[in-house]
Amino acid sequence: MDTESTAVAQSGDGTQPDSETTAAVTAATKNPGDVVIETRNLSKIYKDFWGRKKVHALKSLDIEVRKGEIFGLLGPNGSGKSTTIKLVLGLLFPTSGRVLVFDKDASETKKNEHIGYLPEESYLYQFLNAEETLDFYGRLFDMSGEQRKKRIEELLQLVGLQGARHRQLREYSKGMRRRVGLAQALINDPDLILLDEPTTGLDPIGIREMKDLILALRDQGKTILLCSHQLGDVQDVCDRVAILHQGELKELGRVTDLLKVQDVTEVHASGLSEDAKREIAEVIQRHGGDLKSIDNPTTTMEDLFLNIVRESEARPGARRVSASPESAPTDEGSDTESASS
Ligand SMILES: Nc1ncnc2c1ncn2[C@@H]1O[C@H](COP(=O)(O)OP(=O)(O)OP(=O)(O)O)[C@@H](O)[C@H]1O
């Protein structure tokens, strides 16, 4: 980051920007056919071998996933996320309530032709290479040889595995396996994509690439339902989220709305002199505001890490010149001496 940027946070009027409100209203206005997944009063009770109630995994869940959005399903372990996905795929039947996918009951398995599913762990044949794996799944969808060839080319490029296409999957890193799993989930060019923990086991570069891929899929008009424990990832990519706990829906809404801190105003400006900053602080006080901070904003650890790796790739061997006094290279003793004297 080469430009100075100053963030001002101030409590007082709590005014919301108009554009955000407009966006929220627009997103809330839906047309028929806009809803891709709808659960109505959906409940699932797992029973034991004797038919006795064992676990109430989902309790009266009502959610809608709209066309072209990335919808996050969040919740701690055992909150019912995978159960919801299995109900959407028609792999489980509800105990009560309904799941509609593309306006059809989820038990109609034909609708799965338009769904791509990346499970938490992909069980792929380790002795096939990426090309053979995708070709195998293309055959399951009755794609012609020509269609498969074209689609495999597109997908290998999309997930960045062209260079490793002839290597057996057993030689792949976790990140590469996740990417071939995603390519497999996309072989049928699905309209709806279900992603269960898509960033599990990936390093920060792999996570960034996976998030960019998910955003690119949304830009192509796909609808995405994403389950994750990685709250930062969900915040980065999801348009709306549902938070489950012990099978119950606890929160549902647009990420920007849910995370907005009310009654605090944030202003970002660059190139301000110290005098200008002092003047701004005075204006805030004059208007009865409570100045919380006027400082340089921090970047994220993810951005810092990715910048360091990119710089290192561009200039191998060179140590990064850091803005942080902790890690700034010292001039053989002279600075140290004057600092301690
Ligand atoms: N086949 C099953 N038989 C009995 N109970 C089950 C079965 N599958 C899931 N459960 C229970 O249902 C509840 C919800 O499980 P589910 O797998 O849907 O949660 P989850 O949110 O996906 O969890 P995780 O984040 O750990 O994957 C849990 O209490 C779980 O133990």
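Residues numbered from 1 in each chain as written. Predicted model: local features only at pLDDT ≥ 70, side-chain atom pairs only at ≥ 80, totals over all residues. Heavy atoms only, no water.

J.: Could you give me a rundown of the pattern of salt bridges, with the residues and numbers involved?
T.: In the structure shown here, the tally under the stated rule is 23 salt bridges. Two residues, D189 and R151, come together in a salt bridge whose shortest N-O distance is 3.8 Å. Here R151 lies in helix α4 (residues 145–158) and D189 lies in the loop between α5 (174–185) and β8 (192–196), a separation of 38 residues in the sequence. Relative accessible area serves as the criterion here: at 40%, D189 is assigned to the partly exposed category. Classification of R151 as buried rests on a relative accessible area of 15%. Because the salt bridges share partners, they merge into one network encompassing K150, R151, E154, D189 and K222. (Salt bridge = Lys/Arg side-chain N within 4 Å of Asp/Glu carboxyl O. Helix = DSSP H or I, 4+ residues; strand = E, 2+ residues; numbered from the N terminus. Buried < 20%, exposed > 50% of the residue type's maximum accessible area, 1.4 Å probe, protein only.)

J.: Describe the sheet that holds strand β6 (residues 104–105), naming the residues involved and giving the relevant values.
T.: If you walk across this open sheet you meet the four strands as β3-β2-β5-β6, and the pairing is antiparallel. In the strand order of this sheet, the two ends are held by β3 (53–66) and β6, each with one partner. The sheet contact formed by strand β5 (residues 96–101) and β6 spans two bridges and is antiparallel. Paired with L100 across the strands is D105, a residue of β6. (Pairing = 2+ DSSP bridges.)

J.: Tell me about the confidence of the model for the chain, and please be specific about residues and values.
T.: Chain-level statistics for the chain give a pLDDT mean of 83 and a share of 84% at 70 or above. Low pLDDT, under 50, characterises residues 11–28; the stretch is placed with 19 contacts to residues that sit more than four places away or in other chains. Low pLDDT, under 50, characterises residues 330–341; the stretch is placed with zero contacts to residues that sit more than four places away or in other chains. (pLDDT = per-residue confidence, 0-100. Contact = heavy atoms within 4.5 Å.)

J.: Lay out the packing of helix α6 (residues 204–219) against helix α10 (residues 301–314) with the relevant residues and their values.
T.: Look at α6 against α10: their axes get within 10 Å of each other, and the N-to-C directions meet at 105°. Between α6 and α10, the interaxial angle falls into the category roughly perpendicular. Where α6 approaches α10, its residues P204, I205, R208 and K211 are matched on the opposing element by E302, F305, L306 and V309. Looking at the contact of α6 with α10 residue by residue, the classes come out as five nonpolar, no polar and three charged. (Axes fitted to C-alpha atoms, helices over the stretch in contact; angles between N-to-C directions. Parallel < 35°, antiparallel > 145°, perpendicular 65-115°, else oblique. Nonpolar A, V, L, I, M, F, W, Y, C, P; charged D, E, K, R; others polar.)

J.: Mind laying out the site of the ligand, listing which residues take part and the relevant values?
T.: Around the ligand, the surrounding shell holds 13 residues, and the nearest of these are N77, G78, K81, S82 and T83. T83 is positioned with one of its side-chain polar atoms (N or O) 2.5 Å from an oxygen atom of the ligand. H229 has a polar side-chain atom sitting 3.2 Å from an oxygen atom of the ligand. The protein chains hide 66% of the 640 Å² of surface that the ligand would expose on its own. Counting only elements with at least two residues in the shell around the ligand, the list comes to β3 and α2 (81–89). Here the shell around the ligand is built from residues that sort into four nonpolar, seven polar and two charged. (Near = heavy atom within 4 Å. Polar contact = N/O pair within 3.5 Å; in protein donor to acceptor, adjacent residues only side chain to side chain. Areas by Shrake-Rupley, 256 points an atom, 1.4 Å probe, with all protein chains shown as cover.)

J.: Kindly report on the UniProt feature "domain: ABC transporter" (unreviewed entry) in the chain, identifying the contributing residues and their values.
T.: Using the residue numbers shown here, the UniProt feature "domain: ABC transporter" (unreviewed entry) corresponds to residues 37–271. With 31% helix and 31% strand, residues 37–271 has its two end C-alpha atoms placed 47 Å apart. (UniProt positions renumbered as here; feature names shortened; annotations may be inferred.)

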